[in-house]
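Here's the letter readout for the chains.
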Amino acid sequence: MLSRRKLIQRLSSFPLVGGLIGSGVPLSQALAAAAPKRDLFRELGVRTFINGAGTLTYMTGSLMHDEVLEAINYGATEFCLLDELQDKVGEKIARLVHSEAAVVTSGAFSGMTLGLAGILTGMDLKKVEQLPHLEYTGMKSEVICQKAHDIVYNHALTNTGCKIVQVETAEDVEKAINERTALMHFLHIEADKGKIMHEEWVALGKKHNIPTSIDIAADVPPVENLWRFNDMGFSFVVVSGGKAMRGPQSAGLLMGRKDIIAAARLHMPPRGFNIGRGMKVNKEEVLGMYVALEKFINTDHAKLWKSWEDGIAHIEGTVKPLPGIQTEVHVPPMGNHTPTLRIRWDAAKIRLTGKDLQDRLRAGDPSIEVGGGGPNGVNVTVWMMKPGQEKIVAKRLREELSKASA
Ligand SMILES: *Cc1c(COP(=O)(O)O)cnc(C)c1O
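Residues numbered from 1 in each chain as written. Predicted model: local features only at pLDDT ≥ 70, side-chain atom pairs only at ≥ 80, totals over all residues. Heavy atoms only, no water.

Caption draft 1: The overall build of the protein chain, seen in detail. Counting its regular elements, the protein chain contains 17 helices and twelve strands. Taken along the three principal axes of its C-alpha coordinates, the protein chain extends 75 × 70 × 35 Å. Among the 406 residues that make up the protein chain, the fraction classed as buried is 50%. Sequence separation of at least 24 residues holds for 67% of the intrachain contacts in the protein chain that already meet a minimum separation of 6. By element, 55% of the accessible surface of the protein chain is carried by carbon and sulfur atoms, the whole surface being about 20100 Å². (Helix = DSSP H or I, 4+ residues; strand = E, 2+ residues; numbered from the N terminus. Buried < 20%, exposed > 50% of the residue type's maximum accessible area, 1.4 Å probe, protein only. Contact = heavy atoms within 4.5 Å. Areas by Shrake-Rupley, 256 points an atom, 1.4 Å probe, with all protein chains shown as cover.)

What follows is the structure in structure tokens.
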């Protein structure tokens, strides 16, 4: 062990720490400033990679903006009442997204559960406790959803004890509605796969006095989607915070009618007699989500889009000259709305499967993840890359494709 005196002598030779010592900063803080940052991923042997695949939960979603991290660190320095924070942040968010009320949830999925739970119970605490057991309680128990919209994430709705009733046409909806109908749920990303579009869905709900909800989890950009469906009259809207908005990956927003949000809050922490206790959002994430939303709304989206197009153009320009390669830029219309480069090749000219290429990029240094693109292709996005990483990805793609050229 070094003596304190020796330590100070040694530390004083580092410019930054030297400046801190004697300036009133405690030695422990001076030491912390001098210590190399722990590289936890390396310590743990966890692979990190350049993300050319998109905002995928299994790849940990997105990287938080510096402003979000600052908000999280700041939040960690004080106590506050969780409800008071959600009240105040909720008011601000509601104004930003044109809803009557809003609350930060632990993701879009929990937003669906909590919104529906609020509709089922209203402000009745006894009913809150009874969920997910709906039988003999007088609570409603069915959610109507178009067949094309009934995807795995609807488990969020059945978690309340409700069951899903599938429909295809407006006539089906009219037939399906009964005294047990709690909600009519819509999935934006599959909107074009269903027969009933947004406005008609909302109108059907209004006609029969049934609340309507919409899942737009992965569907910003465009930024306007944050308020478009509130303006349209959906009773509640849910969106993920940790996808394009680059807020905390474990946060999201529930926006909508004041009475629904107030009742949904009864199902959330700090209360613990409910189905939502496990969907906790800490104060740091509440602040981080709020700041991420503000930043996303204030972003110059035209400029951001141009930077994505430039990144894609660089990669396309690097691989396209290789013999047997076809490229195409595709923008998914409904969700994950970002330029996506589809690279396809002639199997006779390039002896590599799409999966082989993914494996080789993954095994390289730095490791790179790209999306699957069928037997002879991969898909690449740049929106989750750090500036400059598109150059590395372009180079590695070209290397591996050239190596496999027949
Ligand atoms: C990602 C996603 C969800 C889940 O959102 P979380 O914010 O991770 O809870 C729900 N629905 C759709 C369509 C999604 O893409």
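Caption draft 2: Representation of the pairing of strand β6 (residues 212-215) in the model. Of the two faces of β6, both are covered, the one formed by T212 and I214 as well as the one formed by S213 and D215. For strand β5 (residues 181-187) and β6, the ladder comprises four bridges, and the chain directions are parallel. Residue pairing for β6: F186 is matched across the bridge by I214. For the crossover that starts at β5, traverses helix α11 (residues 198-207) and ends in the parallel β6, the hand is right-handed. Summarising the sheet, β6 and strand β7 (residues 236-240) pair through three bridges and their orientation is parallel. (Pairing = 2+ DSSP bridges. Right-handed = clockwise from strand over helix to strand, strands pointing away.)

Caption draft 3: Just the domain arrangement of the protein chain, in detail. Taken domain by domain, the protein chain comprises domain 1 (79-297) and domain 2 (301-403). Computed from C-alpha atoms alone, the centre-to-centre distance between domain 1 and domain 2 is 35 Å. Each side of the interface is counted separately: domain 1 has 13 residues, and domain 2 has eight residues. Surface buried jointly by domain 1 and domain 2 totals about 880 Å² across both partners, of which 68% is contributed by carbon and sulfur atoms. Three residues stand out in domain 1 for area buried against domain 2, namely I189, A218 and P221, and they jointly supply 42% of the buried area on that side. At the junction of domain 1 with domain 2, the criterion picks out zero salt bridges. (Domains from an automatic or database assignment. Buried area = accessible area lost by both parts, 1.4 Å probe. Salt bridge = Lys/Arg side-chain N within 4 Å of Asp/Glu carboxyl O.)

Caption draft 4: Expanded view of the packing of α11 against helix α12 (residues 225-232). Axis separation between α11 and α12 bottoms out at 10 Å; the angle between their running directions is 35°. Between α11 and α12, the contacting residues are H198, E199, V202 and K206 on the first element and R228, F229 and M232 on the second. The class makeup of the residues in the contact of α11 with α12 is three nonpolar, one polar and three charged. (Axes fitted to C-alpha atoms, helices over the stretch in contact; angles between N-to-C directions. Nonpolar A, V, L, I, M, F, W, Y, C, P; charged D, E, K, R; others polar.)

Caption draft 5: Quick look at unusual backbone geometry. Between L131 and P132 the backbone carries a cis peptide bond, its omega angle lying at 10°. Within the secondary structure, P132 sits in the loop between α8 (125-130) and β3 (142-146). Positive phi, normally seen in glycine, also occurs at Y136, with a value near 60°. By the secondary structure assignment, Y136 is in the loop between α8 and β3. A relative accessible area of 81% places Y136 in the exposed class. Phi is positive for N209, close to 60°, though the residue is something other than glycine. Structurally, N209 can be placed in the loop between α11 and β6.

Caption draft 6: The arrangement of the pattern of salt bridges in detail. Tallied over the full model, the rule gives 27 salt bridges. With a closest N to O distance of 3.2 Å, K403 and E400 form a salt bridge. Highlighted residues: K403 and E400, both in helix α17 (residues 389-403), separated by three residues, approximately one helical turn.

Caption draft 7: Highlighting the nonpolar core. The biggest cluster of nonpolar side chains holds 77 residues, and the ones touching the most others in it are L226, V380 and L397. Considering every element that reaches this core, the biggest residue donor is helix α14 (residues 283-298), with eight residues. Formed jointly, this core draws a minimum of three residues from each of two domains, domain 1 (79-297) and domain 2 (301-403). Sequence-distant contacts of L397, that is, excluding residues within four places in its chain, are made with I315, V319, I343, L357, L361, V378 and V380. Of all hydrophobic cores here, the second largest spans 26 residues; its members include M112, A182, L254 and I261. (Core = buried A, V, L, I, M, F, W, Y, C linked by side-chain atoms within 4.5 Å.)

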